[in-house]
Amino acid sequence: MPALRQLRMPASLARERYIDLGGQASHLFHFSAPVATAYDYFCDVPAVFRLLPDALDCYAYGHDRYRLIVGATDGHGHNMAAVFDLEAHHEPGYAIKLLPSDDGPAYDLDGMIFGGLLMAEAIFQPSRSGSMVDYHVEIDLSIPVPSVLRLMPTHFLQSLGERTMEYKMTQMLKGFTSGINADFHAWAGAGS
């Protein structure tokens, strides 16, 4: 999977301090259903991404274009959200790739809001018991440093941010995989 492109900071943030964070995670899902059924399930991008812990919303803003909004707090009572605009590419029955898109509509959200880049890929293969989905996600963020933390050294904030990102990615992957396994079985059972 190709590496994500670098974030470009808006001019309004050029004078602000920020930390750059990134992470990646992979998981192999096993379903006792045919590949076509697993593929159909993952085609509903908003429904799948709403299973992410801390996902505030995911919706389509155009054909094969989606906006994912993930919320968090900075540990000091300040709400923040990362906005990811995505473009879906389908290889029916084999793969779904979500790539960063820069054509999303303007947004007006409360709190500290920043854009991020997300790339995800789901590869579908048959298995003895049904199907396997090899899922991989990469995230890159440039997070503005809140005013209450600006007196802290950048290297300390970067280190803290990296540890927090590692914890958050682990938490999100566990919640996401658990949510998908339960939701897929309920979805597939309702369709039969």
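Residues numbered from 1 in each chain as written. Predicted model: local features only at pLDDT ≥ 70, side-chain atom pairs only at ≥ 80, totals over all residues. Heavy atoms only, no water.

As a further point, take the overall build of the protein chain. Within the protein chain one finds three helices and seven strands. Along the protein chain, helices and strands appear, N-terminal first, in the series β-α-α-β-β-β-β-β-β-α. Taken over 192 residues, the protein chain has a buried fraction of 40%. Considering only contacts in the protein chain between residues 6 or more positions apart, those separated by 24 or more positions represent 65%. On the protein chain, roughly 10500 Å² of surface is accessible, and the fraction owed to carbon and sulfur atoms is 54%. (Helix = DSSP H or I, 4+ residues; strand = E, 2+ residues; numbered from the N terminus. Buried < 20%, exposed > 50% of the residue type's maximum accessible area, 1.4 Å probe, protein only. Contact = heavy atoms within 4.5 Å. Areas by Shrake-Rupley, 256 points an atom, 1.4 Å probe, with all protein chains shown as cover.)

Turning to the side chain of Glu138, a few remarks are in order. Its place among the elements puts Glu138 in strand β7 (residues 130-144). Put simply, Glu138 is tucked away with no salt bridge, and the nearest opposite charge, on Lys97, sits 12 Å away. Among the polar contacts listed, one links the side chain of Glu138 to the side chain of His136, at a separation of 3.4 Å. (Lys, Arg positive; Asp, Glu negative; His and termini not counted. Salt bridge = Lys/Arg side-chain N within 4 Å of Asp/Glu carboxyl O. Polar contact = N/O pair within 3.5 Å; in protein donor to acceptor, adjacent residues only side chain to side chain.)

What follows is about the confidence of the model for the protein chain. When pLDDT is averaged along the protein chain, the result is 84; 83% of the residues meet or exceed 70. Here residues 5-14 is modelled with pLDDT under 50, and outside its nearest four sequence neighbours on either side it reaches 14 contacts, counting other chains as well. (pLDDT = per-residue confidence, 0-100.)

Where strand β4 (residues 79-91) lies against strand β6 (residues 112-127), four bridges are found, and the strand directions are parallel. Within β6, the residue paired with Met80 across the bridge is Met112. (Pairing = 2+ DSSP bridges.)

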